[in-house]
Amino acid sequence: MIILVLNCGSSSIKFQVIETESQQRLIGGLLGEMASESATFSWQKGNQRHSDQCGPTDYERGITLILETITRGPGQVIEDLAQIEGIGHRVVHGGEAFAESTLVTPEVFAAIEATIPLAPLHNPANLQGIATCGALLPGTPQVAVFDTAFHQTLPEHAYLYAIPYELYQQHGIRRYGFHGTSHRYVSERATGLLPGARNLITLHLGNGASITAIRDGKSVDTSMGLTPLEGLVMGTRSGDVDPSLIPFISQRENLSCQETETLLNKKSGLLGLSGGVSDMQALLARAAEGDERSQRALDVFCYRARKYIGSYMAALGQVDAIIFTGGIGENAAPVREQICAGLEPLGIEMDPEANRRGKEKTFVSTPDSRVKVLVIPTNEEWMIAQDTYEIISRS
């Protein structure tokens, strides 16, 4: 089956065309900064790369451009749009309504609309992608794959905030978690590599970062909460802070609540600590040259991750493996080393040479390490394509 995978963001559209039998990505690309005069459209097909300026673009024109690219010219991978047998959409927030991926129906569309207050920047864009595909490819089945679905197995004691229970009942204020598709993918890969492994801790470390405790294939705790702001230190997000920090900053800096929220989401994390750098490789290079602010940002980032590992080991009772994934988790060996440093008493022993080889060797712990440490590149698009294929096949 040929599946079109779409990730419609607030200002971008990422896409891939995947052939499920061979698990082959035929083409993938990005339409970025859609509303700006310098919007760009880039794609890669095998070793062939292409990039163009396309000017301001809306979702209808953007998806039309993608469909034209994959059916004609140098980006052609199919002869006719009828060959697309399903469309898989990444949907950021499914609330409590969706514990798994689902075929899009009018009722499902309405239920996703109802979760917009929980993801006001993301879900409207996801819905525009679904609506546009419905108009451009009428009759082609569409599947919604939710970032939050994997975490719907969290027990009540893990997802509830200690606030008046009525606020949860009335407004759905609870911890939902995100990056679920990535955590699910790497945990399934890990259990394939470690038959019998039951308890896993997965770290998705990128510009957005989260950590999940998994028992028997089910998420039992995760670091992100009602929104993706909670938890680990990230590229521009603060992660955990004292909630009283929001009114404190607002008063001292004369900022509105919304401006303070923007500060915590877009001007904090590695960017705020380092003084303007959020890219991990740049931070590592600066720290190696003796830049104190860069080193401080790295230390806070790694300490927060290490602290969460310890807490999730306590939550699980016993851990079989720790898995690193995401842009930082897969590519920044010094970060993996610093996060795991000092955890030897907990059964975590890194192999420095294997860790330096990174993706070339899945296991980066010593053979004798009681808790195995792995690096597994994530593939959220494949998970979306796989879910889309399975749901369409049985519907």
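As the structure is a computational prediction, the values presented were derived from the model and not from experiment. (Residues numbered from 1 in each chain as written. Predicted model: local features only at pLDDT ≥ 70, side-chain atom pairs only at ≥ 80, totals over all residues. Heavy atoms only, no water.)

Student: Is there a simple way to explain the packing of helix H10 (residues 280-288) against helix H11 (residues 292-316) in this structure?
Tutor: Each pair of packed helices can be summarised by the angle the axes make with each other and by the distance between the axes. Remark: H10 packs on H11, axes separated minimally by 8 Å, with the N-to-C direction vectors making an angle of 125°. The angle between H10 and H11 falls in the class oblique. Where H10 crosses over H11, the handedness of that crossing is left-handed. The segment H10 lies against H11, with Met-280, Leu-283, Leu-284, Arg-286 and Ala-287 engaging Ser-294, Gln-295, Leu-298 and Phe-301. Among the residues forming the contact of H10 with H11, the class breakdown is six nonpolar, two polar and one charged. (Axes fitted to C-alpha atoms, helices over the stretch in contact; angles between N-to-C directions. Helix = DSSP H or I, 4+ residues; strand = E, 2+ residues; numbered from the N terminus. Parallel < 35°, antiparallel > 145°, perpendicular 65-115°, else oblique. Left-handed = near helix turned anticlockwise from the far one by under 90°. Contact = heavy atoms within 4.5 Å. Nonpolar A, V, L, I, M, F, W, Y, C, P; charged D, E, K, R; others polar.)

Student: Would you mind showing me how to read the pattern of salt bridges here?
Tutor: It is possible for side chains bearing opposite charge to pair when their charged atoms get close. Under the defined criterion, the tally for this structure stands at 10 salt bridges. Of the charged contacts, one joins Glu-96 and Arg-174 as a salt bridge, the two residues approaching to 2.9 Å between their closest N and O atoms. On the criterion of sequence distance, the pair formed by Glu-96 in the loop between strand E6 (84-91) and strand E7 (102-103) and Arg-174 in the loop between helix H5 (165-171) and helix H6 (180-193) is long-range, its members being 78 residues apart. Glu-96 sits in the partly exposed class, given a relative accessible area of 39%. When salt bridges with common partners are traced through the structure, they connect Arg-175, Asp-221 and Glu-230 into a single cluster. (Salt bridge = Lys/Arg side-chain N within 4 Å of Asp/Glu carboxyl O. Buried < 20%, exposed > 50% of the residue type's maximum accessible area, 1.4 Å probe, protein only.)

Student: Got a minute to help me understand the sheet that holds strand E11 (residues 218-222) in this structure?
Tutor: Two pairing modes exist for strands in a sheet, parallel and antiparallel, and in both the strands are linked by backbone hydrogen bonds. Taken together, five strands build an open sheet; the order of strands is E11-E10-E9-E12-E13 and the sheet is mixed. On the outer flanks of this sheet lie E11 and strand E13 (372-375), each paired with one strand and no other. The mean angle between the axes of side-by-side strands here comes to 25°, regardless of whether they run parallel or antiparallel. As defined by bridge partners, strand E12 (residues 321-325) adjoins E13 across four bridges and the pair is classed as parallel. Counted as the bridge partner of Ala-321 is Lys-372 from E13. (Pairing = 2+ DSSP bridges.)

Student: I keep staring at the sheet that holds strand E4 (residues 40-45) and nothing clicks. Help me out?
Tutor: Ordered in space as E5-E4-E3-E2-E1-E6-E8-E7, the eight strands form an open sheet in which the pairing is mixed. Strands at the two margins of the open sheet, each flanked by one partner only, are strand E5 (48-53) and E7. Across the sheet, helix H1 (residues 59-71) is in contact with strand E1 (2-8), strand E2 (13-19), strand E3 (24-32), E4 and E6; its angle to E2 comes to roughly 30°. Strands in contact with helix H15 (residues 380-394) are E1, E2, E6, E7 and strand E8 (142-146); relative to E6, the strand with the most contacts, it is inclined by about 125°.

Student: Sorry, what's going on with the pairing of E2 here?
Tutor: For a regular strand, side-chain orientation follows a simple rule: the groups alternate between the two sheet faces. With six of seven residues buried, E2 lies mostly within the body of the structure. Inspection of the sheet shows E1 paired to E2 by seven bridges, in the antiparallel sense. If you follow Leu-6 over to E2, its bridge partner there is Phe-15. Two successive antiparallel strands, E1 and E2, enclose a turn made up of four residues. Between E2 and E3, which pair antiparallel in sequence order, lie four residues; one of them, Gln-23, sits at a positive phi of approximately 55°.

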